[in-house]
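# Fold and contact review
What follows is each chain in one-letter form.
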2 protein chains.
Amino acid sequence: MIRVLIAEDQSMVRGALRALLELEDDIEVVAEVGRGDEVVAAALEHAPDVALLDIEMPGCDGLEAARALAAAVPATRAVVLTTFGRPGFLRRAMEVGAAGFLVKDAPVAELARSIRAVVAGERVIDRDLAAAALAIGPTPLSGREADVLREAAGGATVAEIARRLFLSEGTVRNYLSSAIGKTGARTRVEAARVAEERGWL
Amino acid sequence: MIRVLIAEDQSMVRGALRALLELEDDIEVVAEVGRGDEVVAAALEHAPDVALLDIEMPGCDGLEAARALAAAVPATRAVVLTTFGRPGFLRRAMEVGAAGFLVKDAPVAELARSIRAVVAGERVIDRDLAAAALAIGPTPLSGREADVLREAAGGATVAEIARRLFLSEGTVRNYLSSAIGKTGARTRVEAARVAEERGWL
DNA sequence: GGTCTCCCCTGACAGATGTCAGGGGAGACC
DNA sequence: GGTCTCCCCTGACATCTGTCAGGGGAGACC
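Since the model is a prediction, treat every value here as computed from it, not as a measurement.

## Topic: the interface of chain B and chain A
Much of the literature gives interface size as the accessible area that the parts lose upon coming together. Across the contact, 23 residues belong to chain B and 23 residues belong to chain A. Buried surface at the junction of chain B and chain A, summed over both partners, amounts to about 1,700 Å²; 70% is from carbon and sulfur atoms. Among the residues of chain B in contact with chain A, Gln10(B), Met12(B) and Lys104(B) are the three that bury the most area, contributing 36% of the side total. The interface formed by chain B and chain A contains 0 salt bridges. Between the two partners, chain B and chain A, sit 9 residue pairs in polar contact (both at pLDDT 80 or more). Among the elements that take part in the side of chain B that touches chain A, helix H1 (residues 11-21) of chain B stands out by supplying 8 residues, more than any other. Residues belonging to the side of chain B that touches chain A are distributed by class as follows: 13 nonpolar, 5 polar and 5 charged.

## Some points on the domain arrangement of chain A
Domains assigned within chain A are domain 1 (2-134) and domain 2 (143-197). Spacing between the C-alpha centres of domain 1 of chain A and domain 2 of chain A amounts to 33 Å.

## A word on the sheet that holds strand S2 (residues 27-33) of chain B
Residues and elements named next belong to chain B. Strand order in this open sheet of 6 strands is S2-S1-S3-S4-S5-S6, and the pairing throughout is parallel. Edge positions in the sheet fall to S2 and strand S6 (124-125), since each has one partner strand and no second. Alignment of strand S4 (residues 77-82) against strand S5 (residues 100-103), held across 4 bridges, turns out to be parallel. Within the sheet, the bridge partner assigned to Leu81 lies in S5 and is Leu102. Against the sheet, H1 engages strand S1 (2-7), S2, strand S3 (50-53) and S4, with an angle of about 165° to S2.

## Things to note about the protein's contact with DNA strand C
Lining the immediate environment of DNA strand C, one finds 16 residues, of which Ser142(A), Tyr175(A), Arg173(B), Ser177(B) and Arg188(B) sit closest. The sugar and phosphate moieties of DNA strand C supply 55% of its atoms located within 4 Å of the protein. In this structure, Asn174(A) approaches DNA strand C through a side-chain N or O atom, which is 3.1 Å from a base oxygen. For DNA strand C, a phosphate oxygen lies 3.2 Å from a polar atom in the side chain of Tyr175(A).

## Observations regarding the relation of the copies chain B and chain A
Note on the copies: chain B fits chain A at an RMSD of 0.1 Å, the axial shift is 0.1 Å, and the rotation between them is 180°. Put plainly, the chains are arranged around a two-fold axis. Judged by C-alpha distance, Ala16(B) is the residue of chain B that lies nearest the rotation axis, at 2.4 Å. The share of interface residues of chain B whose copies in chain A are also at the interface is 100%, consistent with both copies meeting through the same surface.

## Quick look at the packing of aromatic side chains
For any two aromatic rings, the description comes down to two numbers: the centre-to-centre distance and the angle of the planes. The final tally for this structure, using the stated rule, is 0 aromatic pairs over all chains. Lying over the aromatic face of Phe89(A), Arg86(A) brings its terminal NZ or CZ to 4.3 Å of the ring centre.

## A look at the side chain of Asp54(A)
Within the fold, Asp54(A) resides in the loop between strand S3 (50-53) and helix H3 (62-72). In this structure Asp54(A) touches Ala7(A), Glu8(A), Asp9(A), Gly62(A), Leu81(A), Thr82(A) and Lys104(A), once residues within four positions along its chain are discounted.

## What about the protein's contact with DNA strand D?
Taken together, the neighbourhood of DNA strand D is formed by 16 residues, with Arg173(A), Ser177(A), Arg188(A), Ser142(B) and Tyr175(B) sitting nearest. Take the atoms of DNA strand D that sit within 4 Å of the protein: sugar and phosphate atoms are 56% of them. Side-chain polar atom of Asn174(A) to a base nitrogen of DNA strand D: 2.8 Å apart, as the coordinates give it. The separation between a phosphate oxygen of DNA strand D and a polar side-chain atom of Ser177(A) is 2.2 Å.

## Here we look at the environment of Leu69(A)
Residues and elements named next belong to chain A. Relative to the elements of secondary structure, Leu69 occurs in helix H3. According to the relative accessible area criterion, Leu69 is buried, its value standing at 1%. When the C-alpha atoms of Leu69 and Ala51 are compared, they prove to be 8.9 Å apart, with 18 residues separating the residues in sequence. Here Leu69 is in contact with Val39, Val40, Ala43, Ala51, Leu53, Pro74, Thr76 and Ala78, once residues within four sequence places are set aside.

## Structural notes on the pairing of S5(B)
Strand residues, when the strand is regular, have side chains that alternate between the two faces of the sheet. Residues and elements named next belong to chain B. Residues Gly100 and Leu102 point to one face of S5 and Phe101 and Val103 to the other, with burial holding for every one of them. Read from S4 through helix H4 (residues 87-95) to S5, the crossover connection turns out right-handed. Bridge count between S5 and S6: 2 bridges; the pairing is parallel. The residue bridging Gly100 from the neighbouring strand is Val124, located in S6. In this region the chain leaves S5, passes through helix H5 (residues 109-119) and returns to the parallel neighbour S6; the handedness of that crossover is left-handed.

Definitions and limits used
Residues numbered from 1 in each chain as written. Chains lettered and ligands numbered in written order. Predicted model: local features only at pLDDT ≥ 70, side-chain atom pairs only at ≥ 80, totals over all residues. Heavy atoms only, no water. Contact = heavy atoms within 4.5 Å. Buried area = accessible area lost by both parts, 1.4 Å probe. Salt bridge = Lys/Arg side-chain N within 4 Å of Asp/Glu carboxyl O. Polar contact = N/O pair within 3.5 Å; in protein donor to acceptor, adjacent residues only side chain to side chain. Helix = DSSP H or I, 4+ residues; strand = E, 2+ residues; numbered from the N terminus. Nonpolar A, V, L, I, M, F, W, Y, C, P; charged D, E, K, R; others polar. Domains from an automatic or database assignment. Pairing = 2+ DSSP bridges. Axes fitted to C-alpha atoms, helices over the stretch in contact; angles between N-to-C directions. Near = heavy atom within 4 Å. Least-squares fit on C-alpha atoms with pLDDT ≥ 70 in both. Phe/Tyr/Trp six-rings, centres within 6.5 Å; stacked < 30°, edge-to-face > 60°. Lys NZ or Arg CZ within 6 Å of the ring centre and 35° of its normal. Buried < 20%, exposed > 50% of the residue type's maximum accessible area, 1.4 Å probe, protein only. Right-handed = clockwise from strand over helix to strand, strands pointing away.

Pasting the structure below:
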């Protein structure tokens, strides 16, 4: 019997996923949590074979929970299940050692099949998404451009960014402009969004 | 037996909701669609008692589908099931005649209970959300301010907005500035977002 | 050793954004 | 009838944004 922990902040979706998985003869949901920071404690207590982790959760996000899980409960394999199949998320998921990465618009049978596959030692990643993540290539942003764009993404003004990074305002403006050009965006906000989606930030 | 149609673009979530509902003895899922513009045709074919409608779907959104449903299949009651419990969405749902409005972070038992309640002729709306929607009050934006903000939300420049609405650029700037002030935002983009969330746009 | 490219850094400038001051008309109020 | 308030409208102006030109240093290449 494959033991599964579900981490999903929307309780209705969590309950629906539980109902779906318990249709399977060989899968049992042993724990449910609604916050990222409850994952490790629940895994230690219930010893699931697989942890199904949404990304956007209160407490901490699913990717951070996957990292903590890998350190604290190595026998539990993390499978990320997310709404947005963003290459940036896929990259981070691979970096933290997740065994699987699913998006919620995959066919419903994919869920149970993927859980069985990761228990059998396979890695489960949507091929199209993997190709998209690889096709993006390495970041075109220099270190400083990324630093400045990250601050801008949080809403900081040029003056604030200049202070924080010990640069002049002209320098900050130039780095923002360069980042806008490299991402093909029209504004710094859009550039930050594009960079995040592609895993460059 | 209560017949239910599910409209949800994420097939895995759709399948999970189906599994959840079919745990109930008195509920049967008779149709599933993944696009807003397939709802009416499916409802005509399968004659569901209740249509469970996500909002953000390709084709057309769930609120538009609810409106079309009310016109074409009056016997089918629409229940909106959405990720974001935004007062603006609630208002629009009530305007198009939806019988229920649920958010995905409600307790899982709420789903079947709500379906039964709307079939029995009740209206099902989260009380906190209804209170929030009412507390917002009528829009503080004047007609022209709303017109200009709507265009800005779509990314138009001041010059473009001026042309489209037959105003001078100074007038457009002034209306944008006023809207920014009334919504407590810092930029026109943020003002548009706040207005949309509150149902003022 | 010389040249080239990239990164890091900076200030000047044109265009965009948001604020401010102000006018005319309509409706409410006294 | 006069006054007040709000909406609709406009241009001037200060500030912000993004682009451009340019310099120095480090490393790769010849």
